Amino acid sequence: MTAYVLVSGPFTGGWVWEETASRLRAAGSEAYPVTLPGVGDRRTGTGTDVDLETHIRDLVRLIDGIRTPRVVLVGHGYGLHPVVGAADRRPERVARIVSLDTGLPGDGEAAVRSVPDPEVRARLADGDGSDGAVSDRAGTGGDDGWLAPPEPGTWSRWGGTEGVPAEALARLDRLATPQPARTLTRPLRLTGATAALPVTGVLCTASGSSTDLVQMLVDSGPPQFRALADDRFRFIDLGTGHWPMLSAPEELAEVLGRAAAGEGHRVTTSDRTHAQPTHLLPFLLDVPEVPRERRGRVDLHLPGGPGSPTEGAPRFADADADADRPRPAVVLVHGGPVAPDQRPTPRDTPFLLGYARYAASLGAIGVTLDLRLHGLADFPLAAEDLAEAVALVRADPRVDGDRIALWFFSTGGLLAADWLAAPPPWLRCLAASYPALAPLPGWGAVESRFRPVDVVGTADGPPIVLTRAGQEHPTFTATVEEFLAAAGRNGAHIEIVDVPHGHHGFELVDPTEESRACVERAMRSVLGHLRE
């Protein structure tokens, strides 16, 4: 017999699982829908009396009292934090962890970092967010440390409500209770005991998650996603929104049964997964080293290094006219999130070094930087870093502050929104390569401000050079198509550079003549706009 422990997200309790639990029991299993302390009918005292450790201890007591030797722990939203914490304390009792449309948290991670509602994050977060530290102080969430539940009609801020019937949403409004704020702000502390436990990710496709997206992340995403190709992980797609226990309880029960049996798709490394992490692959052009100056999080790559210019490459027209003349600058903006402990950091990877040296070899100043973009909630912080970097670059006497280009890559494209909404006169070109131009599906934690699709062409801005990968993942392609449609309606000028056979990150994973020609064409265009 299988025993399921079902733990939901904030403001809710065991009642959200009633229909799914009923179906699990009808199939001969045990089901334990959990209402955690401080929530629902277990709300007592003040919110400061309850934190994440309280919830973990409560789950451990429940597990200890279940007679079935091993249990399946199911965590949804915030509920995955105490689930993983309890599994870490009782790994020998856990048959499998099921992460329901929720990313698996790591040691030191507080749930507030993945809260999709930006207003709530702003109230709860403390410090600069660069190390995952958040406030643990009393009263953070409001009077006596409670965080009020969403107002009626706003539950989608906590995850897409696709498929949830109106009566279920009304019940959610009626039964939701405040959440102890410290359950969200206290970091999860793990010993590593869960590292070998089987995990099944149930991916709600209407929220944008999918096995295909996981495969893309394993192949060409940030290196931390490679762990998802481990044999202990399985994935099952479920065609509904973020609240399947309300929108598809019968289908969810069936999927949980499959998960408990070890079924599901295993994501593996493919013929596009290289032996070394993608970000360490060599740049496709053989560009010479150039002088580099490091100033905080910003590096300036200066023209005039040995071997410049690159043989046969298009030279910036006036690069040799006056050696002391201020040069235009190309600021290269990486995507993410990037794990805070990733080494090398983005500005020291072959990718950004290659682009910066290429720009410098042609007479411009190439600029690289490390953004504090370590989670989906960090885009405002990354935007501050970018603005500070641009100000620093423009103030350098070797830089022509009236001729600046910003070049965004991958999910760094979301940061283009600010510059499209209010373009300064010195921004002569905005470039984007295989970008995300709206938050990807399921990225509810990204503030609505970071939607270039909403602001392109709404102000008189610079020309845009857009490089598209013909073999791009559909989730990225959809944002680009939406962006181009908006640009057409608003009269924005866009030059498109197509790489028909290129994949996401083609400069590293597809070092072909086609790819090289497209990089050269894009760089020529960017430098041409800086010359105008």
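Residues numbered from 1 in each chain as written. Predicted model: local features only at pLDDT ≥ 70, side-chain atom pairs only at ≥ 80, totals over all residues. Heavy atoms only, no water.

1. Some thoughts on the overall build of the protein chain
Of the regular secondary structure elements, the protein chain holds 16 helices and 16 strands. Taking 532 residues into account, the globule formula puts the C-alpha radius of gyration at 24 Å, and the protein chain, at 25 Å, falls close to it. When the accessible surface of the protein chain is split by element, carbon and sulfur atoms take 49% of a total near 20,500 Å². Treating the 51 positive side-chain charges of the protein chain as one cloud and the 70 negative ones as another, the clouds have centres 3 Å apart. (Helix = DSSP H or I, 4+ residues; strand = E, 2+ residues; numbered from the N terminus. Rg over C-alpha atoms; globule rule 2.2 N^0.38 Å. Areas by Shrake-Rupley, 256 points an atom, 1.4 Å probe, with all protein chains shown as cover. Lys, Arg positive; Asp, Glu negative; His and termini not counted. Charge placed at Lys NZ, Arg CZ, Asp CG, Glu CD.)

2. What about the packing of helix α10 (residues 350–361) against helix α16 (residues 513–531)?
Across the interface, α10 lies against α16 with an axial gap of 11 Å and an inter-helix angle of 55°. Judged by the inter-axis angle, α10 sits oblique to α16. In this structure, α10 meets α16 at a crossing whose hand is right-handed. Packed against α10, whose contacting residues are Tyr 355, Tyr 358 and Ala 359, the element α16 presents Val 519, Glu 520 and Met 523 at the interface. Taken together, the residues of the contact of α10 with α16 sort by class into 5 nonpolar, no polar and 1 charged. (Axes fitted to C-alpha atoms, helices over the stretch in contact; angles between N-to-C directions. Parallel < 35°, antiparallel > 145°, perpendicular 65-115°, else oblique. Left-handed = near helix turned anticlockwise from the far one by under 90°. Contact = heavy atoms within 4.5 Å. Nonpolar A, V, L, I, M, F, W, Y, C, P; charged D, E, K, R; others polar.)

3. Side note on the environment of Ala 87
Position of Ala 87 relative to the elements: it lies in helix α3 (residues 80–89). When the C-alpha positions of Ala 87 and Leu 197 are compared, they lie 8.6 Å apart, and in sequence the two are 110 residues distant. Setting aside chain neighbours within four positions, we find Ala 87 in contact with Leu 73, Val 94, Ile 97, Thr 194 and Leu 197.

4. Considering the pattern of salt bridges
Overall, the coordinates contain 33 salt bridges when judged by the stated rule. The closest approach of N and O atoms between Arg 516 and Glu 513, which form a salt bridge, is 3.1 Å. You can see Arg 516 and its partner Glu 513 sitting in helix α16, 3 residues apart, about one turn around the helix. Owing to a relative accessible area of 22%, Arg 516 belongs among the partly exposed residues under this scheme. Judged by relative accessible area, which is 59%, Glu 513 ranks as exposed. Salt bridges sharing partners connect three or more residues here, namely Arg 292, Arg 294, Asp 299, Arg 347, Asp 348 and Asp 370. (Salt bridge = Lys/Arg side-chain N within 4 Å of Asp/Glu carboxyl O. Buried < 20%, exposed > 50% of the residue type's maximum accessible area, 1.4 Å probe, protein only.)

5. Some remarks on the sheet that holds strand β2 (residues 30–34)
Through backbone hydrogen bonds, the strands of a sheet pair up, either in parallel or in antiparallel fashion. Across the sheet, which stays open at both edges, the 6 strands sit in the order β2-β1-β3-β4-β7-β8 with parallel pairing between neighbours. Both edges of this open sheet fall to β2 and β8 (233–238), since each of them pairs with a single strand only. Along the sheet, successive strands turn relative to each other by an average axial angle of 20°, direction set aside. (Pairing = 2+ DSSP bridges.)

6. Focus on the pairing of β2
Relative to β2, strand β1 (residues 3–7) runs parallel, the two sharing 5 bridges. In the strand pairing of β2, Leu 6 is matched with Pro 33. In this fold, the crossover linking β1 to β2 by way of helix α1 (residues 18–26) has right-handed handedness. (Right-handed = clockwise from strand over helix to strand, strands pointing away.)

7. Topic: the packing of aromatic side chains
Throughout the structure, instances matching the rule amount to 14 aromatic pairs. Measuring from ring centre to ring centre gives 5.3 Å for Phe 351 and Tyr 355, while their planes differ by 65°; the resulting arrangement is edge-to-face. You can see Phe 351 and its partner Tyr 355 sitting in helix α10, 4 residues apart, about one turn around the helix. Accessibility assignment for this pair places Phe 351 and Tyr 355 in one class, buried. Between the aromatic rings of Trp 419 and Trp 426, the centroid separation amounts to 6.0 Å while the plane-to-plane angle is 65°, which identifies the pairing as edge-to-face. Note on accessibility: Trp 419 and Trp 426 belong to one class, buried. Ring pairs connect the aromatic residues Phe 283, Phe 351, Tyr 355, Trp 407, Phe 409, Tyr 434 and Phe 506, which therefore count as one cluster. (Phe/Tyr/Trp six-rings, centres within 6.5 Å; stacked < 30°, edge-to-face > 60°.)

8. So, the side chain of Thr 240
Looking at the element boundaries, Thr 240 is found in the loop between β8 and α8 (244–247). A polar side-chain atom of Thr 240 sits 2.6 Å from a polar atom in the side chain of Ser 247. With residues near it in sequence (within four places) discarded, Thr 240 still touches Glu 162, Cys 204, Thr 205, Ala 206, Ser 207, Ser 247 and Ala 248. (Polar contact = N/O pair within 3.5 Å; in protein donor to acceptor, adjacent residues only side chain to side chain.)

9. Concerning the pairing of strand β11 (residues 327–333)
When a strand is regular, its side chains alternate between the sheet's two faces. Where burial is concerned, most of β11 is hidden: 7 out of the 7 residues are buried. Bridging between β11 and strand β13 (residues 399–409) involves 6 bridges; their strand directions are parallel. Within the sheet, the bridge partner assigned to Val 331 lies in β13 and is Leu 406. Relative to strand β12 (residues 365–369), β11 runs parallel, the two being bridged by 3 bridges. Bridged to Val 330 within β12 is Gly 366. Between the parallel pair β11 and β12, the chain is carried across by α10, and the sense of this crossover is right-handed.

10. Here's the deal with the confidence of the model for the protein chain
Reading predicted coordinates in detail is not appropriate for stretches of low pLDDT. With 90% of its residues at a pLDDT of 70 or more, the protein chain has an overall mean of 89. The low-confidence segment residues 127–140, where pLDDT is below 50, has 27 contacts with residues more than four positions distant or belonging to other chains. A low-confidence stretch, residues 307–314 stays under pLDDT 50, and its non-local contacts, those more than four residues away or across chains, total 15 contacts. (pLDDT = per-residue confidence, 0-100.)

11. Some details on empty space enclosed by the protein
Under the criterion given, the structure shown has 1 cavity of 30 Å³ or more. For the largest cavity, the calculated volume is near 60 Å³. (1 Å grid on protein atoms, 1.4 Å probe; cavity = no way out; pocket = protein on both sides within 12 Å on 5 of 7 lines; lining within 4 Å. Points joined across faces, edges and corners; volume = space filled by probe spheres on them.)

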